[in-house]
Amino acid sequence: MLTDREPHLPEIIEEVLGLPVYELLQADKSAYLLPVFNQLHVHHTQQCASYFNAFSSHGSQFKTISELPFVAVRLFKLLNLKSVSEDKVTKCLLSSGTTGSTPSKVYLDAVTSRWQSKALVKIMQQFLGKQRLPMLIIDSPPQTSDGSLNARAAGIQGLGLFGRHHTYALNSDMSINWKAIEQFSAKFANVPTLIFGFTFMVWQHFILELQRTGKQVNLPQGHLFHSGGWKKLAAQEVDNTTFKQVVKRTVGISQVTNFYGMAEQVGSVFMECERGFLHAPVTADIIIRNPYNFKVCARGERGLVQVLSVLPYSYPGFSILTEDLGTLRGTDDCQCGRKGNYFTLHGRLPKVEIRGCSDTSQSPLS
Amino acid sequence: MTNEKKLTQAFVSALSIDEAQVVDSLQYNTIKEWDSTAHMVLIAELEDAFDVMLDTDDIIDMSSVAKAKTILQRYDVEFSD
Ligand SMILES: [Zn+2]
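This is a predicted model, so every value here is computed, not measured.

K.L.:
For this particular structure, what's the right way to read the sheet that holds strand 3 (residues 104–109) of chain A?
P.N.:
Within a sheet, adjacent strands bond to each other through the backbone by hydrogen bonds, running parallel or antiparallel. All names here are of chain A. On the basis of which strands lie adjacent, the open sheet formed by 3 strands has the order 3-2-5 and mixed pairing. Edge strands, defined here as strands with exactly one partner in the open sheet, are strand 3 and strand 5 (149–150). Pairing between strand 2 (residues 89–95) and strand 3: 6 bridges, direction antiparallel. Residue pairing for strand 3: Lys 91 is matched across the bridge by Leu 108.

If you want it as structure tokens, here you go:
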């Protein structure tokens with residue numbers, strides 16, 4: 001076990017980024033990632049005072065991934081959590097999420113940003129190949145920014161790597177830019193195209209608007225990727241299956257892929273497979289926890305989603321307890337062939353239950 | 001126009017920087033002008049200038065001016081130095 005020199009954490013993270021995205025069996029993957037997470041824990045204990053105060057007493061060498069401490073996602077709204085000095089911060093990602101006005105703040109340095117792009121590219125390549133496709137973005141063009149980047153713009157930019165001839169489908173008032181869409185579909189009707197938008201935007205400002213106006217958009221070779229939570233759609237009783245059916249009927253797109261990701265862990269997203277399950281990539285993992293006692297839930301049992309990612313180096317977000325509800329559906333045996341953990345989501349935890357959570361919290365940050 | 005000149009022009013135009021700043025050692029994310037937004041503009045400029053189609057690996061790998069040359073060489077764009 002003893003080597004002349006312990007490899008530095010950044011080198012180890014680079015190594016994980018070089019592994020096949022969906023091929024590792026869960027046992028092998030856990031064995032590989034545990035020391036990385038342990039090192040990340042030590043790194044953040046040393047570099048972030050808030051993290052140190054909350055978790056230094058938890059120890060430093062955890063025996064399983066589920067023993068690692070987790071930071072409640074709302075802490076990124078309440079505290080300025082960063083593990084690099086101010087002059088190293090190249091970008092601050094702001095995310096207001098779906099509720100509340102205080103945005104999450106995620107501090108990124110150059111290397112963390114680069115890993116995020118690289119991880120996302122590796123994952124998306126599994127679905128799109130290395131090519132870049134004409135891209136229709138179901139959103140309004142970005143406003144001139146003031147240095148900080150909102151999560152929506154960051155998401156578009158991340159996926160934008162896979163596009164060319166980027167075309168925004170909406171005007172700044174969220175009305176449809178018919179001219180832009182007509183030009184895009186006339187030009188690229190017969191070639192594969194990439195379409196991206198946030199789930200709610202796609203539904204509310206594109207699909208429903210097309211239905212209302214009765215106008216036709218035909219992109220039969222389009223592949224729609226969408227992300228951003230089901231909460232608002234659940235209120236309209238739209239689930240993933242309905243969403244897919246209506247998209248197919250309205251715009252003729254049969255390739256629809258949902259993915260789960262968050263501003264606090266950009267890059268290591270959980271993509272939906274052909275069977276409708278969300279898969280953890282090699283750079284990330286999930287654990288489902290009972291919302292009351294935080295015990296690890298069994299397969300098939302609904303609970304809070306804890307997300308782990310090896311990428312968060314400039315801020316202590318490698319292990320986060322979200323407020324999303326999910327269910328582990330299986331490990332290594334999805335019929336799509338991808339290995340590791342796969343799961344489904346059920347939208348957000350009601351507010352009341354969140355309060356219940358903090359009453360029984362194990363530590364100031366969880 | 002030489003390929004060196006074309007490359008320099010693409011950087012100048014995409015990043016809005018001076019010609020003198022476009023040297024092999026210039027790295028992505030080390031000046032505020034070369035951020036992720038400008039990077040995508042740069043990719044489009046390079047594709048136009050050299051009539052190539054860069055893929056997603058190229059975008060991720062293009063971390064410096066020198067690296068841009070290496071990547072373009074894979075598409076048979078020749079640089080003298
Ligand atoms: Zn699957």
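Past the structure itself, the notes keep going.
K.L.:
In this structure, what is going on with empty space enclosed by the protein? I would like to understand it.
P.N.:
A water-sized probe, rolled over the atoms, reveals where empty space remains. For the structure shown, the criterion picks out 4 cavities of 30 Å³ or more. Lining the largest cavity are 24 residues, with Lys 91, Ser 113 and Ser 117 of chain A together with Tyr 28 and Ser 36 of chain B sitting closest to its centre. Taken together, the elements giving at least two residues each to the lining of the largest cavity come down to strand 2, helix 5 (110–128) and helix 6 (151–160) of chain A together with helix 2 (36–50) and helix 3 (56–61) of chain B. No other element matches the 6 residues that helix 5 of chain A contributes to the lining of the largest cavity.

K.L.:
So what exactly am I meant to see when it comes to the interface of chain B and chain A here?
P.N.:
Interface size, as often reported, equals the accessible area lost upon joining of the parts. At the junction of the two partners, chain B supplies 13 residues and chain A supplies 18 residues. Summing both partners gives a buried area of about 1,300 Å² for chain B against chain A, and 57% of it is carried by carbon and sulfur. Our count for the contact surface shared by chain B and chain A stands at 3 salt bridges. Between Arg 164 of chain A and Glu 47 of chain B there is a salt bridge, with the nearest N and O atoms lying 3.0 Å from each other. The interface formed by chain B and chain A holds 10 residue pairs in polar contact (both at pLDDT 80 or more) in total. Mapped by element, the contributors of at least two residues to the side of chain B that touches chain A are helix 2 and helix 3 of chain B.

K.L.:
Please explain the pattern of salt bridges as it appears in this structure.
P.N.:
Charged atoms that come close allow side chains of opposite charge to pair. For the coordinates displayed, the defined rule picks out 16 salt bridges over all chains. Of the charged contacts, one joins Arg 74 of chain A and Glu 323 of chain A as a salt bridge, the two residues approaching to 3.9 Å between their closest N and O atoms. Residue Arg 74 of chain A is located in the loop between strand 1 (71–72) and helix 4 (75–78), and its partner Glu 323 of chain A is located in strand 14 (residues 319–331); the two are separated by 249 residues in the primary sequence. Arg 74 of chain A gets classed as partly exposed once you look at its relative accessible area, which sits at 27%. With a closest N to O distance of 2.8 Å, Asp 57 of chain B and Lys 130 of chain A form a salt bridge. One end of the pair, Asp 57 of chain B, is in helix 3; the other, Lys 130 of chain A, is in the loop between helix 5 and strand 4 (133–137), on a second chain. Judged by its relative accessible area of 43%, Lys 130 of chain A falls in the partly exposed class. What you see here is one network of salt bridges that share partners, running through Glu 14, Arg 114 and Lys 118 of chain A.

Scoring rules and cut-offs
Residues numbered from 1 in each chain as written. Chains lettered and ligands numbered in written order. Predicted model: local features only at pLDDT ≥ 70, side-chain atom pairs only at ≥ 80, totals over all residues. Heavy atoms only, no water. Pairing = 2+ DSSP bridges. Helix = DSSP H or I, 4+ residues; strand = E, 2+ residues; numbered from the N terminus. 1 Å grid on protein atoms, 1.4 Å probe; cavity = no way out; pocket = protein on both sides within 12 Å on 5 of 7 lines; lining within 4 Å. Points joined across faces, edges and corners; volume = space filled by probe spheres on them. Contact = heavy atoms within 4.5 Å. Buried area = accessible area lost by both parts, 1.4 Å probe. Salt bridge = Lys/Arg side-chain N within 4 Å of Asp/Glu carboxyl O. Polar contact = N/O pair within 3.5 Å; in protein donor to acceptor, adjacent residues only side chain to side chain. Buried < 20%, exposed > 50% of the residue type's maximum accessible area, 1.4 Å probe, protein only.

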